[in-house]
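The chain contents come next:
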Amino acid sequence: MSTELLLDLTGKVAVVTGSGRGLGLAYATTLAAAGACVVVNDLDAEVAEQAAKSIVEAGGRAVAEAVAVGTAEAADRLVARAVDSFGRLDVMVTNAGILRDRVLWKMTDDDFDAVVSTHLRATFTCARAAVVRMREQGEGGSLVLVGSPAGQRGNFGQTNYAAAKAGIAAMTRTWSMELSRSGITVNAVVPVAATSMTETIPAFAPYIEQWKQGSPLPDFLRKGEGFGTPEDCAALVPFLASDAARDVTGQCIGIGGDKLTLWSHPQEIAVAYADGGWSPQTIADSWHGSVGREPQSVGIPAPQLPSEAGA
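Just so it is clear, the structure is predicted and the values come from calculations on it, not from any experiment.

1. Examining the overall build of the protein
Now for step 1: In terms of regular secondary structure, the protein is built from 12 helices and eight strands.
Now for step 2: A compact globule built from 311 residues would reach a C-alpha radius of gyration of about 19 Å, and the protein, at 21 Å, matches this within 12%.
Now for step 3: With respect to the three principal axes, the spread of C-alpha positions in the protein is 65 × 55 × 45 Å.
Now for step 4: Scored against the burial criterion, the 311 residues of the protein give a buried share of 45%.
Now for step 5: The contacts of the protein with a sequence gap of at least 6 include a subset with a gap of at least 24, amounting to 69%.
Now for step 6: Summing over all exposed atoms, the protein offers an accessible surface of approximately 16,000 Å²; the carbon and sulfur share of this is 54%.

Shown next, in the form of structure tokens:
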């Protein structure tokens, strides 16, 4: 079968959480363009309805379901909306998210709980509800979870967000094992794009503003930083939802600008042994000359932007 036919999503039904705008809308629009019927979700009913309307006006099929994700009840509503409107569910894209950035000593319980609920718990509840339906259908399906470089590397001021996204990467690996016999693939998209979240980063802000005014993002961002538009990231989602990716599961895949990447899984990279076991003293004596010789770096690398003279 040709790749073109494998990528055709006609007859498939997808739910995309947080798809009223930004990356989520790009995912929903691209899925619809590939032939899928889409349930658009947003907390704001007017935004959700407008997003669904834009898809329909472009020739796609979409309905809106306004609900705040996180609870089991919200997840059940989204799955029910897909089944009631289109008869089935094949793809769940867990995109909804918020930020409450603060350093550890200033982060409140509410800051932490809100982000973890929207990102991590909502991914869990929506995936669970989707998988129950997919397993009942007995024809497989796709979970496309949305991660972040912060979840892979950590990021200053993002205890809650980084922890939730790291948890999503762990869910990706775990669920890919649990659902393999059901024919359900599970992968995480790690997008880097010009959004309301990234425009708060000082290094990117002026380029995003220029992009909003109609100027293209420069090559040093698109290639060097893998930073582009939401639409640049969207192509990965219909691929992962398609039959062309039936053998792709348990992966964290980065995309942005002109760049496509595969993130590594955590693994042991150095090992040392001590006859009879270790003591604090023997660890201290050997650390810098053995497993601690090349400590791992943390954080998202700072953007490599051209100097003013070379810009």
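2. Comments concerning the side chain of Q137
Now for step 1: By secondary structure assignment, the location of Q137 is in helix α5 (residues 109–137).
Now for step 2: For Q137, a relative accessible area of 16% gives the class buried.
Now for step 3: Of the polar contacts made by the side chain of Q137, one reaches the backbone oxygen of L89; its length is 2.8 Å.
Now for step 4: Look past the residues within four positions of Q137 in its chain and what remains in contact with it is R88, L89 and D90.

3. Quick notes on the pattern of salt bridges
Now for step 1: Taken as a whole and judged by the stated rule, the model has 12 salt bridges.
Now for step 2: Linking R81 and E65 is a salt bridge whose minimum nitrogen-to-oxygen distance equals 3.1 Å. Here E65 lies in strand β3 (residues 61–66) and R81 lies in helix α4 (residues 72–86), a separation of 16 residues in the sequence.
Now for step 3: Look at R81 and you get partly exposed, because its relative accessible area is 26%.
Now for step 4: Salt-bridge contacts for R222 lead to D258; the nearest nitrogen and oxygen are separated by 2.8 Å. Here R222 is found in helix α9 (residues 219–224), whereas its partner D258 is found in the loop between β7 (252–256) and β8 (259–262), with 36 residues between them in sequence.
Now for step 5: Linked by salt bridges that have partners in common, D219, R222, K223, D232 and D258 make up one network.

4. Some thoughts on the nonpolar core
Now for step 1: In this structure, L143, L145 and W175 are the most contacted members of the largest nonpolar core, which totals 35 residues.
Now for step 2: Within the residue set of this core, elements represented by two or more residues are β1 (13–16), β2 (37–42), α4, α5, β5 (141–146), α7 (159–178) and β6 (184–191).
Now for step 3: Ranked by residue count, the leading element in this core is α5, at seven residues.
Now for step 4: Aside from chain neighbours lying at most four places away, what touches L143 is M92, A127, A130, V131, M134, W175, L179, I184, T185, V186 and N187.
Now for step 5: By size, the runner-up hydrophobic cluster in this structure holds 34 residues, among which are V91, A245, V248 and I253.

5. Here we look at the packing of helix α2 (residues 22–33) against helix α3 (residues 45–57)
Now for step 1: Interaxial distance between α2 and α3 falls to 10 Å at its minimum, and their mutual angle equals 30°. Taken together, the axes of α2 and α3 are roughly parallel relative to one another. Considering how the two elements wind past one another, α2 and α3 form a crossing that is right-handed. For the pair formed by α2 and α3, the contact residues are L25, A28, T29 and A32 on the first element and A51, S54 and I55 on the second.

6. A closer look at the packing of aromatic side chains
Any aromatic ring pair is given by two values, namely how distant the centres are and how the planes are angled relative to each other.
Now for step 1: This structure, assessed with the given rule, holds two aromatic pairs.
Now for step 2: Geometrically, the ring pair formed by F204 and F227 is stacked, given 4.2 Å between the ring centres and 25° between the ring planes. On the criterion of sequence distance, the pair formed by F204 in the loop between β6 and α8 (205–212) and F227 in the loop between α9 and α10 (230–234) is long-range, its members being 23 residues apart.
Now for step 3: Relative accessible area serves as the criterion here: at 8%, F204 is assigned to the buried category.

7. Observations concerning a nonpolar patch on the surface
Now for step 1: Together, W278, I283 and W287 make up a nonpolar patch on the protein surface, roughly 300 Å² of accessible area in all.
Now for step 2: The topology assignment puts W287 in the segment after α12 (280–286).

8. Here we look at the side chain of N160
Now for step 1: On the secondary structure map, N160 appears in helix α7.
Now for step 2: A polar contact is formed between the side chain of N160 and the backbone oxygen of D111, at a distance of 3.1 Å.
Now for step 3: Once residues lying within four places of it in the same chain are set aside, the contact partners of N160 are R100, M107, D111, F112, V115 and V116.

9. Section: the sheet that holds β2
Now for step 1: With mixed pairing, eight strands are arranged side by side in an open sheet as β3-β2-β1-β4-β5-β6-β7-β8. Two strands in the sheet have a free side with no partner beyond their single neighbour: β3 and β8. Averaged over all pairs of adjacent strands, the angle between strand axes in this sheet comes to 20°, irrespective of strand direction.
Now for step 2: Pairing analysis gives four bridges linking β1 to β2, with the strands arranged parallel. In the sheet register, V16 faces β2, and the bridge partner there is V40.
Now for step 3: Seen against the sheet, α2 touches β1, β2, β4 (91–94), β5 and β6 and runs at an angle of roughly 175° to β1.
Now for step 4: Its contacts with the sheet place α4 against β1, β2, β3 and β4, and it is angled at close to 150° to β3.

Rules and cut-offs
- The numbering scheme is per chain: residues are counted from 1 as the chain's sequence reads.
- For a predicted model such as this one, the threshold for reporting local features is a pLDDT of at least 70, and the threshold for listing and counting side-chain atom pairs is 80 or more; totals across whole chains, interfaces and linings nevertheless cover every residue.
- With hydrogens and water set aside, each side-chain value is computed from the structure's full complement of heavy atoms.
- Strands are runs of DSSP state E lasting at least two residues, helices are runs of H or I lasting at least four, and both sets are numbered from the N terminus onward.
- The atom set for the radius of gyration is the C-alpha atoms, and the globule formula is 2.2 Å times the number of residues raised to the power 0.38.
- When accessible area is computed with a 1.4 Å probe and restricted to protein chains, residues below 20% of their type maximum are described as buried, those above 50% as exposed, and intermediate ones as partly exposed.
- We call two residues in contact when some of their heavy atoms are within 4.5 Å.
- Areas reported here follow the Shrake-Rupley algorithm with a probe of radius 1.4 Å; residue values treat only the protein chains shown as occluding.
- Under this definition, polar contacts are N or O atom pairs within 3.5 Å; protein pairs additionally need one hydrogen-donor-capable and one acceptor-capable atom, and for neighbouring residues in sequence, both atoms have to be side-chain atoms.
- For salt bridges, the criterion is a side-chain nitrogen of Lys or Arg within 4 Å of an Asp or Glu carboxyl oxygen.
- We call a set of buried Ala, Val, Leu, Ile, Met, Phe, Trp, Tyr and Cys residues a nonpolar core when their side-chain atoms join them within 4.5 Å.
- Only the stretch in contact is used when a helix axis is fitted, and all axes are lines through C-alpha atoms; the angle between N-to-C directions ranges over 0 to 180 degrees.
- In these notes the angle categories are as follows: under 35 degrees is roughly parallel, over 145 is roughly antiparallel, 65 to 115 is roughly perpendicular, and the rest is oblique.
- Take the far helix as your reference; a near helix turned counterclockwise from it by less than a right angle gives a left-handed crossing, and one turned clockwise gives a right-handed crossing.
- Aromatic pairing here means that ring centres of Phe, Tyr or Trp (its six-membered ring) are within 6.5 Å. Orientation follows from the plane angle: under 30 degrees is stacked, over 60 is edge-to-face, and everything else is tilted.
- Patches here are clusters of residues that have more than 30% relative accessible area and form no salt bridge, with a 9 Å joining cutoff for like charges and a 5 Å cutoff for nonpolar side chains (Val, Leu, Ile, Met, Phe, Trp, Tyr).
- Strand pairing is assigned whenever DSSP detects at least two bridges linking the two strands.

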